[in-house]
Amino acid sequence: MEKLRRVLSGREQNEEAGLTSQILDSTTLSFGTRVKWFVICFAGGVLCSILGTALLFLPKAGVKLFALFYTLGNIAALSSTCFLMGPFKQLKRMFEPTRLLATIMMLLFLVLTLCAVFWWNKRGLAIIFCILQFLAMTWYSISYIPFARDAVMKCFTTCLS
C-alpha cells in the first residue's frame, strides 16, 4: 500500500526492499482469497463432522472414525478463522483472559478424544469427550459474540429455577 502511495504521489524510489518486507508482501492474502479459504476450511470442517457422525453407526471401527472425523472437523473449523484474522491474531485472541478457560477446555477435549480412541481404546469415553468437545467449542465460539455468554447463562439459570 505504501508503494502505491509513493508511485501515485511521484515519490517513487528505486530502493531495494528488505527481506522482511518482501516476505510480508509475498504472504499477504487479499480479502477475497481469505474469505474463500475460510469458507473452504469451514465447509470441510462441517463435512468432516457430518461424515464422522454418519460413520458412528459402523460396527467395530465406527466410534474411532467418528471421534477422528469429528475432531478433525472441529480443528478445520477452528483453523478456518485464521484466514480471516491471521494466525497470530487468532492465537492472541484465543488466549485473552475472557476466553482463556474456554480455549484450554476446548483444546483439552480435542486431545482427550483422540487419546480415548487411539491409546486407551475406551469408546464410551471418546463419545463423552466428543460431547464435551462440542460444548466447549460452542462456549468458545459464543465468546466472540458480545454479551452472548451472559444471555446463555441467564437462560440456563432461568430454566433451572
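As annotated in an unreviewed UniProt entry, the chain carries the name Vesicle transport protein and is attributed to Carassius auratus. Taken verbatim from the UniProt record of the chain, the Sequence similarities (unreviewed entry) comment is "Belongs to the SFT2 family." Its UniProt record, at the heading Subcellular location (unreviewed entry), says of the chain: "Membrane".

Asker: Any chance you could break down the overall build of the chain for me, citing the residues and the numbers?
Answerer: Scanning the chain for helices and strands turns up 8 helices and 0 strands. The order of α-helices and β-strands along the chain, N terminus first, is α-α-α-α-α-α-α-α. The buried share of the chain, reckoned over its 161 residues, is 27%. For the chain, the proportion of contacts with a sequence separation of at least 24, taken over those separated by at least 6, is 59%.

Asker: With reference to specific residues and values, describe the packing of helix H4 (residues 62–85) against helix H6 (residues 100–118).
Answerer: Axis separation between H4 and H6 bottoms out at 9 Å; the angle between their running directions is 155 degrees. The orientation of H4 relative to H6 falls into the category roughly antiparallel. As for the relative orientation of H4 and H6, their crossing is left-handed in sense. Together, Val63, Lys64, Ala67, Leu68, Thr71, Asn74, Ile75 and Leu78 of H4 and Met106, Leu110, Thr113, Leu114, Val117 and Phe118 of H6 make up the contact between the two elements. For the contact of H4 with H6, a count of residues per class yields 10 nonpolar, 3 polar and 1 charged.

Asker: Before we move on, could you go through the pattern of salt bridges and cite the residues and values that matter?
Answerer: For the structure shown, the criterion picks out 1 salt bridge. Across the pair arginine 99 and glutamate 96 runs a salt bridge whose closest N-O atoms are separated by 2.9 Å. Looking at arginine 99, the relative accessible area reads 4%, which means it is buried. You can call glutamate 96 partly exposed: its relative accessible area is 28%.

Asker: Which residues make up the UniProt feature "transmembrane region" (unreviewed entry) in the chain, and what values do they have?
Answerer: If you check UniProt for "transmembrane region" (unreviewed entry), the listed places come out as residues 37–59, 65–88, 100–120 and 126–147 in our numbering. Segment residues 37–59 splits into 83% helix and 0% strand. End C-alpha atoms: 35 Å apart. Annotation note: span residues 126–147, helix share 77%, strand share 0%, distance between end C-alpha atoms 32 Å.

Asker: Account for the nonpolar core, naming residues and giving values.
Answerer: Within the largest apolar cluster, 18 residues are counted, with the highest numbers of intra-cluster contacts made by Leu78, Met106, Ala126 and Tyr140. Every element with two or more residues in this core is listed here: H4, H6 and helix H7 (123–142). Beyond its immediate sequence surroundings of up to four residues, methionine 106 is in contact with Leu78, Met94, Ala136, Met137 and Tyr140.

Asker: Please provide a residue-by-residue account of the packing of aromatic side chains, values included.
Answerer: What the rule picks out here adds up to 5 aromatic pairs. Positioned over the ring face of tyrosine 144 is arginine 99, at 3.9 Å from the centre of the ring.

Rules behind the numbers
Residues numbered from 1 in each chain as written. Predicted model: local features only at pLDDT ≥ 70, side-chain atom pairs only at ≥ 80, totals over all residues. Heavy atoms only, no water. UniProt positions renumbered as here; feature names shortened; annotations may be inferred. Helix = DSSP H or I, 4+ residues; strand = E, 2+ residues; numbered from the N terminus. Buried < 20%, exposed > 50% of the residue type's maximum accessible area, 1.4 Å probe, protein only. Contact = heavy atoms within 4.5 Å. Axes fitted to C-alpha atoms, helices over the stretch in contact; angles between N-to-C directions. Parallel < 35°, antiparallel > 145°, perpendicular 65-115°, else oblique. Left-handed = near helix turned anticlockwise from the far one by under 90°. Nonpolar A, V, L, I, M, F, W, Y, C, P; charged D, E, K, R; others polar. Salt bridge = Lys/Arg side-chain N within 4 Å of Asp/Glu carboxyl O. Core = buried A, V, L, I, M, F, W, Y, C linked by side-chain atoms within 4.5 Å. Phe/Tyr/Trp six-rings, centres within 6.5 Å; stacked < 30°, edge-to-face > 60°. Lys NZ or Arg CZ within 6 Å of the ring centre and 35° of its normal.

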